[in-house]
Amino acid sequence: MLKNLLVYIPSERSIRPVVDAAISLAVSYAAHLRAISVGYETTNVALPIDAGGAAAAAVFEIERERALARANAALSVFEIEARNAGIAHDSQAMASVPVDAAASVIAAARLHDLTIVLQPEPERQTFDNVMPQEILFESGGPVLFVPYVHKGPLETKRIGIAWDGSRLAARALRDAAPFLARAQAITVISINEGKAPAEASAKAVLAHLARYGATVRIQEMDADRADIQPSILSIAADDGLDLIVMGGYGHSRLQERILGGVTRGMIQSMTVPTLMSH
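Novice: Teacher, can you tell me more about the packing of helix α3 (residues 98-109) against helix α4 (residues 131-138) here?
Specialist: Geometrically, a packed helix pair is captured by the angle between its two axes and the distance between the axes. Between α3 and α4, whose axes approach to 9 Å, the crossing angle comes to 50°. By the angle between their axes, α3 is oblique relative to α4. Between α3 and α4 lies a crossing of right-handed hand. Contacts from A101, A102, V105, I106 and A109 in α3 reach M131, E134, I135 and E138 in α4. Classifying every residue of the contact of α3 with α4 gives seven nonpolar, no polar and two charged.

Listed below in structure tokens is the structure:
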């Protein structure tokens, strides 16, 4: 059930893809949507050598006000679209250094059914690129990544499930239940089927998913680790998938973010909205 959604809205990147996707999802599920945006305070503001305590405090207060203004500017777009859509919503602007901001947003995500984020954009040097991964690995809940090239509302009629029989794949499958219940067609992307136990085989997943009432098919693939992510996206293109569901492998440290190879590749190159669970 999706009743409480959270969307993280960047303050230093394009916001339209994630705003449009999140609002359309809230409309579709009659869910409450909370938006958070963070204006990041720099920690290396230049100060004159002879600046006193009062002068330094004034400089940092100006920096904080500018950061908060960036967050409010991002949220103003969300507020207009949310009101026009008639959804239940609220928003919060924050000004903070990255570590404190991550802790606050992650804590909020732990009390929501799903968090919607924008796919990181490697060329951009901003903590807005890091926050989605922090939420994925630390929130304890599913995260929906919206590609930064996405346009318009979110469709979830045709869903692909990346399945290898692992715990994380199973977690993602369960977290995707609200979407699967409304899907018209589901593709089980069976990865290296021979390595999964019979009880968690692709055929067992197919029998499980058939109870949702959708048309379900299996697409088997055997691939080396480096080829798994591009093969998933190739199947997504061939099957016209609206959404990919998969486990998010790796772990998070603010100073050392370690991703599994397939997860890293998907975050960098996704062409389809992707629900990940850790």
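Novice: Just checking my understanding: could you explain the side chain of S24 for this structure?
Specialist: Structurally, S24 is set in helix α1 (residues 16-29). The exposure class assigned to S24 is buried, which follows from its relative accessible area of 16%. A distance of 2.8 Å separates a polar side-chain atom of S24 from the backbone oxygen of A21. Residues contacting S24, with those up to four places away along its chain left out, are P153 and L154.

Novice: How do you make sense of the packing of helix α8 (residues 225-239) against helix α9 (residues 261-269) when you look at a structure like this?
Specialist: Where α8 meets α9, the closest approach of the two axes is 8 Å, and the angle between their N-to-C directions is 40°. The angle between α8 and α9 falls in the class oblique. As for how α8 packs across α9, the hand of that crossing is right-handed. Two secondary-structure elements touch here, α8 through R225, I228, Q229, I232 and L233 and α9 through V262, G265, M266 and S269. Looking at the contact of α8 with α9 residue by residue, the class counts come to five nonpolar, three polar and one charged.

Novice: I would appreciate a short explanation of the pairing of strand β4 (residues 114-118) in the present structure.
Specialist: Each regular strand displays side chains that alternate between the two surfaces of the sheet. Buried residues dominate β4, accounting for five of its five residues. Pairing analysis gives three bridges linking strand β1 (residues 4-8) to β4, with the strands arranged parallel. Residue L6 lies in a different strand from β4, and its bridge partner there is T115. As defined by bridge partners, β4 adjoins strand β5 (residues 143-146) across four bridges and the pair is classed as parallel.

Novice: Any chance you could explain α8 here in plain terms?
Specialist: The periodicity of an α-helix, 3.6 residues per turn, causes residues three or four places apart in sequence to face the same way. The first and last C-alpha atoms of α8 sit 22 Å apart over 15 residues, in line with the 21 Å expected at 1.5 Å per residue. Looking at the buried side of α8, the elements it contacts are β6 (158-163), β7 (185-191), β8 (215-221), β9 (243-247) and α9. The positive-phi residue at the C-terminal boundary of α8 is G240, with phi of around 60°.

Cut-off values and rules
Residues numbered from 1 in each chain as written. Predicted model: local features only at pLDDT ≥ 70, side-chain atom pairs only at ≥ 80, totals over all residues. Heavy atoms only, no water. Axes fitted to C-alpha atoms, helices over the stretch in contact; angles between N-to-C directions. Helix = DSSP H or I, 4+ residues; strand = E, 2+ residues; numbered from the N terminus. Parallel < 35°, antiparallel > 145°, perpendicular 65-115°, else oblique. Left-handed = near helix turned anticlockwise from the far one by under 90°. Contact = heavy atoms within 4.5 Å. Nonpolar A, V, L, I, M, F, W, Y, C, P; charged D, E, K, R; others polar. Buried < 20%, exposed > 50% of the residue type's maximum accessible area, 1.4 Å probe, protein only. Polar contact = N/O pair within 3.5 Å; in protein donor to acceptor, adjacent residues only side chain to side chain. Pairing = 2+ DSSP bridges. Expected span 1.5 Å × (residues − 1).

Everything listed is a geometric property; what it means functionally is a separate question.
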